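# Tertiary structure, described
Here is what each chain is made of, one letter per residue.
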Amino acid sequence: MQFIDQAEIEVEAGKGGDGIVAFRREKYVPAGGPAGGNGGRGGDVILVAAEHLQTLLDLKYAHRFQADNGGRGGPNNRTGANGRDRTIQVPCGTVVYDADTQEIIGDLVQPGQTFCAAKGGKGGLGNKHFLSNRNRAPDYALPGLPGEYRRLRLELKLLAEVGIIGLPNAGKSTLIAALSAARPKIADYPFTTLVPNLGVVRKPTGDGTVFADIPGLIEGAHLGTGLGYDFLRHIERTRLLLHLIDATADDPIGDYQTIQAELQAYGRGLSERPQILALNKIDAVDSETVELLATELNHLTHVPVFQISAVTQKGLESLLQTVWQSLEQLKDVEVETVTKL
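A brief report on the enclosed structure follows. (Residues numbered from 1 in each chain as written. Predicted model: local features only at pLDDT ≥ 70, side-chain atom pairs only at ≥ 80, totals over all residues. Heavy atoms only, no water.)

## Topic: the pattern of salt bridges
Between side chains of opposite charge, a pair can form when the charged atoms approach closely. Following the criterion strictly, the structure yields 12 salt bridges and no others. Salt-bridge contacts for Arg151 lead to Glu8; the nearest nitrogen and oxygen are separated by 2.6 Å. Taken together, the positions of Arg151 in strand S8 (residues 149-156) and Glu8 in strand S1 (residues 6-12) put the pair 143 residues apart, joining distant regions of the chain. Overall, Glu8 belongs to the partly exposed group, its relative accessible area being 39%. The salt bridge partner of Asp85 is Arg41, with a shortest N-O separation of 3.8 Å. Of this pair, Asp85 sits in the loop between strand S3 (64-66) and strand S4 (86-91) while Arg41 sits in the loop between S1 and strand S2 (45-50); the two residues are 44 residues apart in sequence, bridging distant segments of the chain. Look at Arg41 and you get partly exposed, because its relative accessible area is 30%. (Salt bridge = Lys/Arg side-chain N within 4 Å of Asp/Glu carboxyl O. Helix = DSSP H or I, 4+ residues; strand = E, 2+ residues; numbered from the N terminus. Buried < 20%, exposed > 50% of the residue type's maximum accessible area, 1.4 Å probe, protein only.)

## Side note on the sheet that holds S4
Neighbouring strands of a sheet are bound in pairs by backbone hydrogen bonds; such pairs are parallel or else antiparallel. Reading across the sheet, the three strands line up as S4-S2-S7 and stay open at both edges, with mixed pairing between neighbours. Strands with a single pairing partner mark the edges of an open sheet, and in this sheet they are S4 and strand S7 (114-118). Put simply, the sheet's adjacent strands are angled 30 degrees from each other on average, direction ignored. Strand direction decides the pairing type here: S2 and S7, joined by four bridges, are antiparallel. (Pairing = 2+ DSSP bridges. Axes fitted to C-alpha atoms, helices over the stretch in contact; angles between N-to-C directions.)

Set out below in structure tokens:
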């Protein structure tokens, strides 16, 4: 499946129906009077978060969406029919920007959540509305108002509690395959992963947590180098980062610093996001070298460094225990913060 995480569309709500000029003509009512009905309301354009969608692919090529116009008013005070709304389904995690101002105007996170992207125009008033003691036979009505028109930029940010980050070939895809039922493409060359992979990892309590393998981070990613800029946005939704470092690399310490520099340069609070460090591929390096690297990373970061092998699954159990504990602590902090507010 092709992964599309950005799309630009045009939406136009329906025009309100025109009011009409009409008078009653009934056999036993000698003084008929105005009876022109109001026009119907134009349809809205509504975005709906759909759980079954994973990409914005459907909106990449269908650029324009328009709701139905409202119906014209009728005689005998009949109001015109309202225009039908136009519904557009988008994946959960879609952020809606006004393409002209770049302002965020909507954020669809929960399944079924809706956002009115363009409001339908009001129907025009019929001449019945203008009846008064001073004007017993108004002979004018109002046209319907136009519906809103907007250019929107949609941006999908994956919803995952844990984001797995690291340089290409750090073993992110192998790890998510070992922890979950996800089956990403894995090979021995950089940039095997061209799209983010999601996997659900089961907790000891029985429920699951979504992990995301975030691909393509290299030096200069925040400037658009490589694939990283396209996928850095997906880290924004995560609550906890799992930073994988390749123990077989030429300079594992430098690799760690490269990723940290990219998070800092990208901004949006990513560098302050809680992280767990894991030294991967320890099965391919002698134990003395692994211990030296772990010690050096610990002195640099002042946090524990887990020694794991995603291939042999060594050390994964203790790593997951720390992940679950960290997520629980983050939830407690969030609840405490909300309570204080």
